[in-house]
Each structure stands twice: as C-alpha cells, then as structure tokens.
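Residue strings, one per chain:
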Amino acid sequence: MGVVEDTEPPLKRAKRLTDEPNGFSANSSVRGSSVNNNSLGDLMARPLTSQGDEETIGSKGVIKKSEFIRIITRALYSLGYDKTGAMLEEESGISLHNSTIKLFLQQVTDGKWDQSVKTLHRIGLPDEKAVKSASFLLLEQKFLELLKVENIADALGTLRNEMAPLRINTKRVHELASSLISPSSFISHTTSTPGKESVNSRSKVLEELQNLLPASVIIPEKRLEYLVENSLHIQRDSCVFHNTLDSDLSLYSDHQCGKHQIPSQTLQILESHTDEVWFLQFSHNGKYLASSSKDQTAIIWEISVDGHISLKHTLVGHQKPVIAILWSPDDRQVLTCGAEEVIRRWDVDSGDCVHMYEKGGISPISCGWYPDGQGIIAGMTDRSICMWDLDGRELECWKGQRTQKVSDIAMTDDGKWLVSVCKDSVISLFDREATVERLIEEEEMITSFSLSNDNKYILVNLLNQEIRLWNIEGDPKIVSRYKGHKRSRFIIRSCFGGYKQAFVASGSEDSQVYIWHRSTGKLIVELPGHAGAVNCVSWSPTNLHMLASASDDGTIRIWGLDRINQQNQKKHVHGSSSNGVIHRCNGN
Amino acid sequence: MGRLFVVNLEGKIYSCKHCKTHLATYEDIISKSFHCKHGKAYLFNKVANVSIGETEERLMMTGKHTVADIFCVSCGSIVGWRYETAHEKNQKYKEGKSVLERLYFQHIRTSVSRTPGLILKLLSQI
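Computed from a predicted structure; not experimentally measured. (Residues numbered from 1 in each chain as written. Chains lettered and ligands numbered in written order. Predicted model: local features only at pLDDT ≥ 70, side-chain atom pairs only at ≥ 80, totals over all residues. Heavy atoms only, no water.)

Residues and elements named next belong to chain A. Leu289, Val334, Ile343, Trp388, Ile556 and Ile558 are the most contacted members of the largest nonpolar core, which has 44 residues in total. Ignoring any residue separated from it by four or fewer positions in sequence, one finds leucine 289 in contact with Leu270, Leu280, Gln281, Phe282, Ile299, Ile300, Trp301, Ile303, Trp327, Ala548, Ile556 and Ile558. Core analysis: the second largest hydrophobic core is formed by 30 residues, Val108, Ile123, Leu139 and Leu180 among them. (Core = buried A, V, L, I, M, F, W, Y, C linked by side-chain atoms within 4.5 Å. Buried < 20%, exposed > 50% of the residue type's maximum accessible area, 1.4 Å probe, protein only. Contact = heavy atoms within 4.5 Å.)

A word on the packing of aromatic side chains. A complete count under the given rule lists 14 aromatic pairs over all chains for this structure. Both rings, one in Tyr14(B) and one in Phe44(B), keep their centres 5.7 Å apart while their planes meet at 65°; by these two values the pair is edge-to-face. Highlighted residues: Tyr14(B) in strand 1 (residues 13-16) and Phe44(B) in strand 4 (residues 39-44), separated in sequence by 30 residues. Considering the side-chain rings of Trp81(B) and Tyr83(B), the 6.3 Å spacing of their centres and the 80° angle between planes classify their relative orientation as edge-to-face. Residue Tyr83(B) is classed as buried on the basis of its relative accessible area of 2%. Site record: aromatic cluster; members linked through ring pairs are Tyr14(B), Tyr42(B), Phe44(B) and Phe105(B). Directly above the aromatic system of Tyr457(A) lies the positively charged group of Arg518(A), at a separation of 4.5 Å from the ring centroid. In this structure, Lys12(B) packs its charged tip against the face of Tyr26(B), placed 4.1 Å from the ring centre. (Phe/Tyr/Trp six-rings, centres within 6.5 Å; stacked < 30°, edge-to-face > 60°. Helix = DSSP H or I, 4+ residues; strand = E, 2+ residues; numbered from the N terminus. Lys NZ or Arg CZ within 6 Å of the ring centre and 35° of its normal.)

What follows concerns the environment of Leu144(A). On the secondary structure map, Leu144(A) appears in helix 9 (residues 128-148). Separated by 11 residues in sequence, Leu144(A) and Ala155(A) place their C-alpha atoms 7.8 Å apart.

As recorded in UniProt, the feature "repeat: WD" (unreviewed entry) lies at residues 270-304, 315-356 and 527-569 of chain A. As annotated, residues 270-304 of chain A has a helix share of 0% and a strand share of 57%, and its two end C-alpha atoms lie 14 Å apart. (UniProt positions renumbered as here; feature names shortened; annotations may be inferred.)

See the structure below:
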C-alpha cells in the first residue's frame, strides 16, 4: 500500500498535464481521486481494490488504471499526437500494446503476412477460433496481394497449404479458388482506386482484426470517444427539462437544463382579435403563426428573425366563428373552417380567399389537408367525411362514419392514415391503401386529438380532463397520461413541442398553459397570465423556446425563455464548482 | 366562453329548457319518483353535457348525502344534482347517478330522420 502511495502523486500530476489540453470530463474525477489516494484513511476504506492486481482510479473504484491509461494513449495516437502518446507510455510505464502485439501490428501494416501469422500464434490467445479467423484474414490478404501482382502459383500455394487446412470459411476459400481462373476481373471487382488500394485494404484488415481479437489485446480505436459520447447521451436523456440543441452539450459539467429552458414567460401579447381566439398553429417552417377566432376572422402573423410577431393579413369572409385554420404542407396556403358554415382556402402571400368549399344541406365542422396539398378532407354535420380536390370537385364521401357531430379529423402527413373520431370514445385510424382500420378505444369520451410530427403518436384529449398519449405504430398502445389541467365545457387542445417533441403542452379552462414532460408524464410548469380559458396551444417547430396560446380573453400570448432568470443562472454557474448541477446555457 | 364540446344523444331526449342542449335519454331513467324543493325530479343512470359544481353534504328526505350540483355546459343554468356518496346503506344505489329536476328540462325527439318513413307507413295503415 505504501508503494502505491509513493508512485501516485507524480503520475497524477503528469496525467493532468497531458489531460488538460484535451479537456476530458474525467478531469474532475481525476482531481478528486488524487486527493483521495493521498490520504491513508481513504486507502484503508478501500482495501479490496488496492489489494488486487489492478490499481483503480476514480472515486468509485471501478476504473482500472492500466485500462484508463491505455485508452487515453490510444486516443492520443488517433488524434495524431504520436510524441505525446509515446511519452505517456514511457512515463506511466504502461504501454499501449505489449511488444509482441506491437510487432504483430507493424507486420500487418508492412504486409509481412507469414511473419504476422507466426507472431499471431505467439501472442497466446486462449480462443482458438479467434486465432483461426485472424489467421484466415491475414492469409486472405496475402492471397489477394499475390493475386494482384499476378503471382498465381504462390497464391494457389497459399490457398492450398495455408488457408484450406484451417478448415473454416470454406465458402470463401472456394470463391478465392474460382478467382484464380480469372484474376483480373476479380481484382477490378473488389478494389477501388489503384495505388492507394493496398494501404486501404491493409488498414481494413487492421480494423477487422480489432473486431476479431479481444479488446484487451488490441485496444479498439476511438474507445475513449465512444465512452464520452455514451455518457453525454445518458445525461441528455435523463435531463427532464432538456430543451437545447445537441451542439450545446458540454463536457465540462454534467448536463442538466434547468426549468429556464422551458418557455415560461410571456414575451408578447397579440390583441388583434376582437373576440375569443379558438385555434392557432405555427406554420411548418416556423415563420408564421395562424389564428382563428369567434370574431369570424382568422389572422396570419409573421415572425421576424428576432422572434417579434406582427400581423400580416386578416382573413375576412366567414359569417360564423372560425373554428380552425390549417397550414398547407408547403405553408403557402391555409384552410379555414367556419363553424357549420363553409371551408375557405386562402393564399398566404396575398391574404385573398382563393376558393370556398361547401356542400348543399350539410356543413363542415372540421377539416384537414391532403399530405401533398392537392386535396381537402372535411368532417360534416351529417356525420360523413368528404374529400375534395383543390378545385372543389368531390373525390370521395364516406357516410355514417361518425356518431358525433363535433369531432376532429386529420390525415397523417405521409398520406397513410385518415384519423377521425368515429364513436364517442373511439378513434378510427383508417389505412387508405390497405383499407384496414385500427381503433383506439378509450374509456371516456374524446374531445379532440393531435398527431405528432413523425405520425407515430397521437395525443387524445378526454372528457374527464385527462390527456392520453397513444403509440400508433402497429396496434395502438397507450403510452402516457397527463393530468392537472381543467376541462369541463370546452374543446381544449394540446400539442407536442420542444426538443425532439419531448414535451406536451395544453390549454386549460383555468386560464393557464400546462406543460408536461412527455416520457415521464410529470407536470413541469403551469403558466398563468391569460384572463380566460386557454383553448389552444402551439409550439414552434423551429424555435424550441417559443410557445403560443389562444384564449377566451381575445388575446394570443407568445411564451419564451425567462430572460432575467437566465442571466442570474449564468452568474450562479461561474461561482459554483465545475461539477455543478446547473449547466452553462447556450450562449444567448 | 370557448368552443363548446357538446354531445348529441339519440332516441327520446331530455334537454335543457333554456338552450335545448341534450342532457339525458329515456333509456337512462332509473326512477321517476324523485322530489326536490321545486317539484318532481328523475334519477338517471348517466347524463351528458353537464359540468359539476362543488361537492357538499346535504340532508335530504332520504338521509344525509354528499352531492354536487350539475349545470348545463352550454348556458350554465342549474339542471339538478349528482350523488357522490350516500351515507346510508340502502341509499348506496344512488352513488354516481344524477338527478335532473323536472323544472329544468324538457322532452324533445331525436333529430335523426330514421323514423319518418316508418311513421308514414304506420299512418297509411290506420
């Protein structure tokens, strides 16, 4: 034990010097352990690990020192720092590969195949099969190189006397044998560019050897990078509030977004509507916001680069409250649906109404676009579903599909499924090609639904104030439930949003916006501010931090990041330890 | 108020006297012999398009119950009450069921036009 102590300190100092230019996250644990290892008390506390033949480092005693140093050395060589790599091997006394293996690798690189096979046997691997496969690989390369220089006799000799006796991979042996007959065509078939090719194929051999032989014999390339990436992924996935881009992940401290990455402050209030706002939606490209209101108009808003929103067009024409406004797949047009009135199609640039869709005697109460933008679907008051082409010609009409007058309808944007509420508590997913139907059978009445971007999930709003998430790939399965908001009289809508649509947001009759973490179902924030029920929410598909809400108070609120608190968080980070819980946010 | 979510019922329907929103169907009647201070009331298995108020303890003719008033979602007027819990064993059957007061609802027929053909046929046979 005393011996261990004496040799540790200079080692740790040397390692820190080599580590810092590369800034690995292991830094903090190394510093921590150097303090630990120097105290006798700590050594006494971990008798097992120091007694073993493997020294360990790190506060938990799971990292074996020789492995740690070897993967660092490997990384240094991969990055091109050969001198530093060699120096580390020397100073630590732990070499990356022992001399036999070094020789072996050198021989493979130089193409000395016979010698490399001999050295391979000298390495002393316990796994017979691995030795055989590796020998086969080396001999195969020897064969191919002989073939290239058209040394058929020697190639044949290799195949017969060296490869066949191994008795593995006989199919390949046959293939190679047949190639002897027409060597040139075989070569041109398998090689890429001449000249460089021998180098490339040798490094390929090295790669495959790495896969065949155990990792402790030949340290896999990029092992350290792989471990660090894994760690980042785990941190990111366990971050409940995660709402930043991957490029903002840092190695310097454990990643954890605070709540300040969730939009929670009103940045703007849009007051152009003169009555309740019932629906809103961001365009697919995130540059526009469309809203529709009980005041019989719809508005298209433009979002500037700095996030400021201004009115672009007011769409006037409906004689009834406008219950929905939907963007065409190319964002150049919108559809509006007047409550039990007509459907209108508008051009976004000019703000003009381009077409009106109606059918005698019945009226639409929900609508949607075809995924190619060339047609329109509508749920009608007589419970049928109608489909028109853009010019108003009726394409199809399905009767008697639904039992309720008021219900949503949508088509997934891959054009596969027609989704509608067909019975009080049942959603029908109709496959238009295969004409099969899948059903989502709920326990309560369904008031509205919304589809995810990837067409794999659907959020179902129920009468009993619950929102349920269903997976609709294959047979529908329920995945999560979200509770907390209030709904007793109105149609309240919810949506997906944020980084990888990891959050679920919803309106509520208590005038607040609710946001849950999608996979855990945990309620993250409740946002007060509106003075009336929040009917609909939409999260920008391009700006992770912008959320819009429509309310009975006639306003639309745009929610964003809490700028003031963000500044405070930054100050906090500078003062705290490097292993801090708060992550240094993206530099805005 | 926002965009109302209103359910449509079929058959013989009882609807709100003020706004004609469907409240319950004839099939769901459990008992027609309930009473309240305004007169008669019917006990229903289930009702639709109502929102529930605060629960409170009330002493009724049949004993102490925990009830909550129910309101029409469309116009907000009170239409009856719902039994949450009954304190006496023989009153337990009422739990979860709703009472609509006769004063607040009216009887209307379904709007599904399945029946006209049948009626005409019957009339022609008379």
